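# Analysis of the macromolecular model
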Amino acid sequence: DVKVTQSSRYLVKRTGEKVFLECVQDMDHENMFWYRQDPGLGLRLIYFSYDVKMKEKGDIPEGYSVSREKKERFSLILESASTNQTSMYLCASRTRNQPQHFGDGTRLSIL
Amino acid sequence: AQSVTQPDIHITVSEGASLELRCNYSYGATPYLFWYVQSPGQGLQLLLKYFSGDTLVQGIKGFEAEFKRSQSSFNLRKPSVHWSDAAEYFCAVGAVSGNTPLVFGKGTRLSVIA
């Protein structure tokens, strides 16, 4: 089975901090994704990557950046955290023509 | 533009009753279609997928879905709901080829009452 591991289930940070959310997959998938999930808004795509060192903006990239130095790892960075970035963050990976596999999510609170 | 519509935000059914969750999509190319389930505080788990062939697909936990191209629909069904099915359900669509992200609906929350 594909395993997508997000480094933290719960995280509390302060406004203005630089925040790193880490995601690792063990199936050599080319594609990795970061979503945020908010009540009533569903899943919104922040960034995705289809190869090492490649990245593409999703629907809501503002205030975020990403890093993919190795194929198995995809990091989401909040450059200067703000309270409106309090959310559930979901990482997913996928290989061509297959479903996306999700991690368990990180519930991030910005105080 | 690609989109997925789940018309029902919240559905409540009695345990043992049948269930149908609706999903309509708009997609320019031949679609792959998926249903995911999310239990509270968890990530999304794949229930079933449609790529091609038989338009009635079986998934895990006794769920099935039917692809109707003429109606651009991919509705999820279960003949008899269990209390453990209470969760949020997401329909998604993707391209047959390529690496583009799936497009998700906003989800339908299912509550099950005794």
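None of the values given here were measured: they were computed from a predicted structure.

## With respect to the overall build of chain B
Looking only at helices and strands, chain B features 0 helices and 12 strands. Secondary structure elements of chain B occur, N-terminal to C-terminal, as β-β-β-β-β-β-β-β-β-β-β-β. Radius of gyration (C-alpha) of chain B: 14 Å, near the 13 Å computed for a compact globule of 114 residues. Dimensions of chain B, computed from C-alpha atoms along their principal axes, come out at roughly 45 × 30 × 20 Å. Looking at chain B as a whole, 48% of its 114 residues are labelled buried. Sequence-distant contacts, at least 24 apart, represent 54% of the contacts inside chain B between residues at least 6 apart.

## Remarks on the overall build of chain A
If you tally the helices and strands in chain A, you get 0 helices and 11 strands. When the elements of chain A are put in sequence order from the N terminus, they spell out β-β-β-β-β-β-β-β-β-β-β. Taken over the C-alpha atoms alone, chain A extends approximately 40 × 25 × 25 Å along its principal axes. Burial statistics for chain A: of 111 residues in total, 47% are counted as buried. Counting only contacts in chain A whose residues sit at least 6 apart along the sequence, the fraction spanning at least 24 positions is 54%. Taken as a whole, chain A presents about 5400 Å² of accessible surface, with 48% of it coming from carbon and sulfur. Charged side chains in chain A number 17 positive and 15 negative. The centres of these two groups are separated by 3 Å.

## Let's talk about the layout of surface pockets
Empty space among the atoms becomes apparent when a probe as large as a water molecule is rolled across them. Estimates place the volume of the largest pocket at around 580 Å³. Lining of the largest pocket is provided by 24 residues; of these, Q37(A), D38(A), P39(A), G40(A) and E88(B) occupy positions nearest its centre. Those elements that provide at least two residues to the lining of the largest pocket are strand 4 (31-38) and strand 9 (87-94) of chain A together with strand 10 (87-95) and strand 12 (108-113) of chain B. When residues in the lining of the largest pocket are grouped by element, the largest group, 3 residues, is from strand 10 of chain B. The class makeup of the residues in the lining of the largest pocket is 10 nonpolar, 9 polar and 5 charged. In this model, the second largest pocket occupies a volume close to 390 Å³. Forming the walls of the second largest pocket are 19 residues, and the residues nearest its centre are H101(A), F102(A), L44(B), Q45(B) and L46(B). Those elements that place two or more of their residues in the lining of the second largest pocket are strand 10 (101-102) of chain A together with strand 5 (31-38) and strand 6 (45-50) of chain B. It is strand 5 of chain B that provides the largest number of residues to the lining of the second largest pocket, a total of 3 residues. When the residues that make up the lining of the second largest pocket are grouped by side-chain class, the tally is 7 nonpolar, 8 polar and 4 charged.

## With respect to the environment of C23(A)
Residues and elements named next belong to chain A. Secondary-structure assignment places C23 in strand 3 (residues 19-25). For C23, a relative accessible area of 0% corresponds to the buried category. On a C-alpha basis, the gap between C23 and R73 in space is 5.6 Å, while along the polypeptide they are 50 residues apart.

## Brief notes about the state of the cysteines
This model, assessed by the stated rule, comprises 2 disulfides over all chains. The disulfide partner of C23(A) is C91(A), and the S-S distance across this bridge is 1.9 Å. The sign of the -80° torsion about the S-S bond sets the C23(A)-C91(A) disulfide as left-handed. Taken as a pair, C23(A) in strand 3 and C91(A) in strand 9 lie far apart in primary sequence, 68 residues in all. Of the two residues, C23(A) and C91(A), neither departs from the other in class, the shared state being buried. The side chain of C23(B) participates in a disulfide bridge whose partner is C91(B); the two sulfur atoms lie 2.0 Å from each other. Here the S-S torsion is close to -65°, and the disulfide linking C23(B) with C91(B) is therefore left-handed. One end of the pair, C23(B), is in the loop between strand 3 (19-21) and strand 4 (24-26); the other, C91(B), is in strand 10, with 68 residues separating them in the sequence. When sorted by exposure, C23(B) lands in the same class as C91(B), which is buried.

What counts, and where the lines are drawn
Residues numbered from 1 in each chain as written. Chains lettered and ligands numbered in written order. Predicted model: local features only at pLDDT ≥ 70, side-chain atom pairs only at ≥ 80, totals over all residues. Heavy atoms only, no water. Helix = DSSP H or I, 4+ residues; strand = E, 2+ residues; numbered from the N terminus. Rg over C-alpha atoms; globule rule 2.2 N^0.38 Å. Buried < 20%, exposed > 50% of the residue type's maximum accessible area, 1.4 Å probe, protein only. Contact = heavy atoms within 4.5 Å. Areas by Shrake-Rupley, 256 points an atom, 1.4 Å probe, with all protein chains shown as cover. Lys, Arg positive; Asp, Glu negative; His and termini not counted. Charge placed at Lys NZ, Arg CZ, Asp CG, Glu CD. 1 Å grid on protein atoms, 1.4 Å probe; cavity = no way out; pocket = protein on both sides within 12 Å on 5 of 7 lines; lining within 4 Å. Points joined across faces, edges and corners; volume = space filled by probe spheres on them. Nonpolar A, V, L, I, M, F, W, Y, C, P; charged D, E, K, R; others polar. Disulfide = S-S within 2.5 Å.

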